[in-house]
Every structure is written in C-alpha cells, then in structure tokens.
Amino acid sequence: MIKQAIIVSAIVALASTSAYAADTTKSKDLLDKINITPFGEIRAQVVASDAAGVDTNITSSDTKIGVKADAIAGIAKVFGELSMDVDVNGNGDDDITTRYGYVGVSVPVYGALSIGKQVSIQEAFVDKADIFYNGGNAGVQKMSAKLTNTVKYENTIGRIKVGGLIQATDDASNEEVDKLQLGAEFMDVGVAYAKDNVTDDTYYGVGASRQFGKFLVAGSLSVLKPKSGTQTKGFEIAAGYDMTTDLTLKAGFSDTDAVSDDGVITGGTEYKLGYSAVAFSTIDYDRDAEDWTARTGLSITF
C-alpha cells in the first residue's frame, strides 16, 4: 500500500496545485501562455582502438530530439518534456527510444514536483566529473541515468539545492517503493543517497565541480554496497582548461577498488565551430587491458 499511497499523493498534489494556479490566473485560456521549445543534438564519431578484435567503426551516440513545454498559471508554472534517443546508424530495430517524458508543476518557495521518466538524482548531485564527449566516466557507482515510473521533487532554498526521487514500477508483488534517491548540494558540492529496494543495493556519493577562470576541476567519490558480495568504491577526477574561447583541453582519471581494475586515463579536446557545433576528440587508455580507444567526431545542437 505504500507505493499506491505515494503515487496517489503525488497525483493529488499535481492536480491540486494546477487547479489552484488555474483559479488564481486572470487568463481565460491557459493554452495562450504555453511555450513550446524544440531541442536536439546530432552526434557522430569515428571510433578506433588497438584492442584485439575491434575494428574502426562509425557510430552515433547521444543523438536526441525532443520538445519542452511550460506555461504560467497564476503563481505556478506547469512544465514537461517529451524526448527521444535516436540511433542514426541503426538497422531499423529500436532505433528510436524514449529518452525522457514527464509533466510537473513548480511553485515558488515550495519547489517542483513531476512524474514520468526522468533523470536520476545521482546524475546532478554526484556525477560531476562526466565532462567528456563519449569518454571517461568509468568509476562512478550509480543507478541508471534514466529512470521510468518516477515521482521527483526539486527545490532551491537559498544556496542549497535539494532533490528526491522514487521509482514505483508495475510490480504487484512489491508493495514498497522500488528505488529511492535523495540529494543535496551547497556551493557546487553535492551528496546523494540511493536505495534499490528490489535488489537491496545501497549507494552513497559525493561530487563537486568548480570553475576557476579558465580552469574547471571536478570529481566524485561513490560507494555501492550490495546486499551480498563485495562493496565497491569508485572515484573520478577531471579537469579542463580553456586555451581560447573556442578550444578546450580536458583530462581525467577514473578507478574503482575492484581487484582487477587499475583505472582509465582519459584525455580530450573540444573546438567550437560557431554557436551550436563542437568538434571533439577523446581517448581512453585502459590500464588493465593496456589498450586505448579513440573517438573523433562532431556534435551539433539546436
């Protein structure tokens, strides 16, 4: 009953907030105030590696398209997103998949509440060293970045950001919340706790990022404590330097305390081609396998 109670409470909160906002607005037609913003990214790269049995190939990743919508209703804002991941080199099977899809209501002071398929709390509060185009990010211990069937709450109180998320999937045999995430951030330093009630795995993490003029430094430390088996600790550090307004150099290292893991060293360059295009190149060196993987490509956003 816990799961049903939480879901019903979230729906009631959304509905009641929307109704209150509609009553306080002077507009006779809320639709007149809806803002629709299309967005997307096309990204493709050439991937080469000296690993045994791996051929040079051309791939697309993080290619996406979608729309965001928002509308002012009195003191509240109604918002939502519908977006898709697109495999432009696909063979026709699952080339287009749901990326995010959610609706929500935000009210000043009280924060924002949304339901649907949304980004994990751990992504924003802990995974701050994920700064490369298709490289690095091999050490952080976290749940999936995209979580379905969720209720999410976010708010900013002064300089403190807080967030919470629950996932409740259609599983009649499980009356509990399937996944729980809580996070907080102050001055670019975030912490998060997550619990998977299905597998009984627990996650802890801290992440930080800060821009010092032309320098960017970021890092994270995370722990996965499974119900059974060995606890895994992972960390990542990354840095960037703006050589010019268009050229940025980046470097990073990620590792875990697993016996067979000696970490991954990552380097990269990014060059802006006008307002919306970036040419990038990254290289990962796996210290365990002693092989490298290089990616060179182009990203265009709109």
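Residues numbered from 1 in each chain as written. Predicted model: local features only at pLDDT ≥ 70, side-chain atom pairs only at ≥ 80, totals over all residues. Heavy atoms only, no water.

**Student:** What exactly am I supposed to notice about the overall build of the protein here?
**Tutor:** Along its length, the protein carries two helices and 17 strands. Across the 302 residues of the protein, 40% fall into the buried class. Considering only contacts within the protein whose residues lie at least 6 apart along the sequence, 48% involve residues at least 24 apart. Accessible surface for the protein amounts to roughly 16500 Å². Of this, 60% is attributable to carbon and sulfur atoms. (Helix = DSSP H or I, 4+ residues; strand = E, 2+ residues; numbered from the N terminus. Buried < 20%, exposed > 50% of the residue type's maximum accessible area, 1.4 Å probe, protein only. Contact = heavy atoms within 4.5 Å. Areas by Shrake-Rupley, 256 points an atom, 1.4 Å probe, with all protein chains shown as cover.)

**Student:** I keep staring at a nonpolar patch on the surface and nothing clicks. Help me out?
**Tutor:** On the surface, a nonpolar cluster with roughly 810 Å² of combined accessible area is contributed by Ile42, Ile65, Met84, Ile96, Tyr271, Leu273, Leu298, Ile300 and Phe302. Contributions of two or more residues to the nonpolar patch are made by strand S15 (264-273) and strand S17 (291-301). Topologically, Met84 is positioned in strand S4 (residues 76-86). (Patch = residues over 30% accessible without salt bridge, like charges linked within 9 Å, V, L, I, M, F, W, Y side chains within 5 Å. Salt bridge = Lys/Arg side-chain N within 4 Å of Asp/Glu carboxyl O.)

**Student:** Looking at this structure, I do not really get the nonpolar core. What am I missing?
**Tutor:** General note: in soluble globular proteins, nonpolar side chains tend to be found buried as a group. Of all hydrophobic cores here, the largest spans seven residues; its members are Ile121, Phe125, Val126, Val140, Leu147, Leu165 and Ala192. If we skip the residues at most four places from it in the chain, Val140 touches Val126, Asp127, Ser220, Ser222 and Glu236. Listed in part, the five residues of the second largest apolar core include Ile131, Phe132, Ala218 and Ala238. (Core = buried A, V, L, I, M, F, W, Y, C linked by side-chain atoms within 4.5 Å.)

**Student:** Is there a simple way to explain the pairing of strand S12 (residues 215-225) in this structure?
**Tutor:** In this structure, strand S11 (residues 201-212) lies alongside S12, joined through 11 bridges in antiparallel fashion. Opposite Tyr203, over in S12, you have Leu224 as the bridge partner. Joining the antiparallel neighbours S11 and S12 is a turn of two residues, in which Gly213 adopts a positive phi near 65°. Bridge analysis of S12 against strand S13 (residues 232-242) gives 10 bridges, and the strand direction is antiparallel. Note that in S13 the partner of Val217 across the bridge is Ala239. Linkage of S12 to S13, two consecutive antiparallel strands, is achieved through a turn of six residues, within which Gly229 is found at a positive phi near 100°. (Pairing = 2+ DSSP bridges.)

**Student:** What exactly am I supposed to notice about the side chain of Glu236 here?
**Tutor:** Within the secondary structure, Glu236 sits in strand S13. Buried charged residue Glu236 carries no salt bridge. Nearest counter-charge: Lys142, at 7.0 Å. Separated by 3.0 Å, the side chain of Glu236 and the backbone nitrogen of Val140 make a polar contact. With near-sequence residues (within four places) excluded, Glu236 lies in contact with Asp127, Ala129, Asn137, Ala138, Gly139, Val140, Ala218, Gly219, Ser220, Phe253 and Ser254. (Lys, Arg positive; Asp, Glu negative; His and termini not counted. Polar contact = N/O pair within 3.5 Å; in protein donor to acceptor, adjacent residues only side chain to side chain.)

This is a description of form; function is not addressed.
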